[in-house]
Amino acid sequence: MYAIVNIAGQQFKVAKDQHLFVHRLQGDEGASIEFDNVLLVEDGGKISVGAPTLKGASVSAKIVSHLKGDKVIVFKKKRRKGYKKKNGHRQYFTKIQISGISL
């Protein structure tokens, strides 16, 4: 059984007991959260597609930890002009574990 769910503006294919990195979510570590923007559910070969979401379907998850991703270097340069800019960025992520999919 798997589902396609919209979490923080992105779509993920999730299954039970799967670990997932999503953009930072509100909540403490160990807290349970529910996502009700379920777009598709597959259960033993039977596929249910929402228009745009399935009514009554939800995905429950547990927040495992909050962390930061790898550093991304942003470097801009214009040749022969002496223009150089160096900037870095680290994205905040939340690691979640899918605890169940319900219709």
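See the structure printed just above.
Going along each chain's sequence as written, the residues are numbered from 1 onward. Totals for whole chains, interfaces and linings use all residues, but because this is a predicted model, local features are given only for residues with pLDDT of at least 70 and pairs of side-chain atoms are given and counted only at 80 or more. Excluding hydrogens and water, the side-chain figures rest on all heavy atoms present in the structure.

S.K.: Hey, could you go over the packing of aromatic side chains for me, with residue numbers and the actual values?
M.R.: Aromatic contacts are taken between Phe, Tyr and Trp rings whose centres are within 6.5 Å, Trp giving its six-membered ring; a plane angle under 30 degrees counts as stacked, one over 60 as edge-to-face, and the others as tilted. Overall, the coordinates contain zero aromatic pairs when judged by the stated rule. Charge over a ring is defined by NZ of Lys or CZ of Arg lying within 6 Å of the ring centre and within 35 degrees of the ring normal. Here the basic side chain of K13 rests over the ring of Y2, its NZ or CZ set 4.3 Å away from the ring centre.

S.K.: How would you summarise the environment of L40 if you had to cite specific residues and measurements?
M.R.: By secondary structure assignment, the location of L40 is in strand 5 (residues 38-43). Along the primary structure L40 and A61 are separated by 21 residues, whereas in three dimensions their C-alpha atoms are 17 Å apart. Residue contacts for L40: discarding those within four places in its chain leaves Y2, A3, I4, I47, S48, V49 and L54. Numbering of helices and strands runs from the N terminus, with a helix taken as a DSSP run of H or I at least four residues long and a strand as a DSSP run of E at least two residues long. We call two residues in contact when some of their heavy atoms are within 4.5 Å.

S.K.: Please provide a residue-by-residue account of unusual backbone geometry, values included.
M.R.: Note the cis peptide between A51 and P52, where omega equals -5°. Tracing the backbone through its elements, the reader meets P52 in the loop between strand 6 (46-49) and strand 7 (58-78). Non-glycine residue A8 carries a positive phi angle of around 55°. One can find A8 in the loop between strand 1 (2-7) and strand 2 (10-15). Whether a residue is buried, partly exposed or exposed follows from its accessible area with a 1.4 Å probe, protein chains only, as a fraction of its type maximum: under 20%, in between, or over 50%, in that order. Taking the relative accessible area as the measure of exposure, A8 reaches 48% and is therefore partly exposed. Phi is positive for D17, which is not a glycine, with a value near 65°. Its place among the elements puts D17 in the loop between strand 2 and strand 3 (19-23). The exposure class of D17 is partly exposed, given its relative accessible area of 48%.

Remember, this is a structural readout, not a statement about activity or role.
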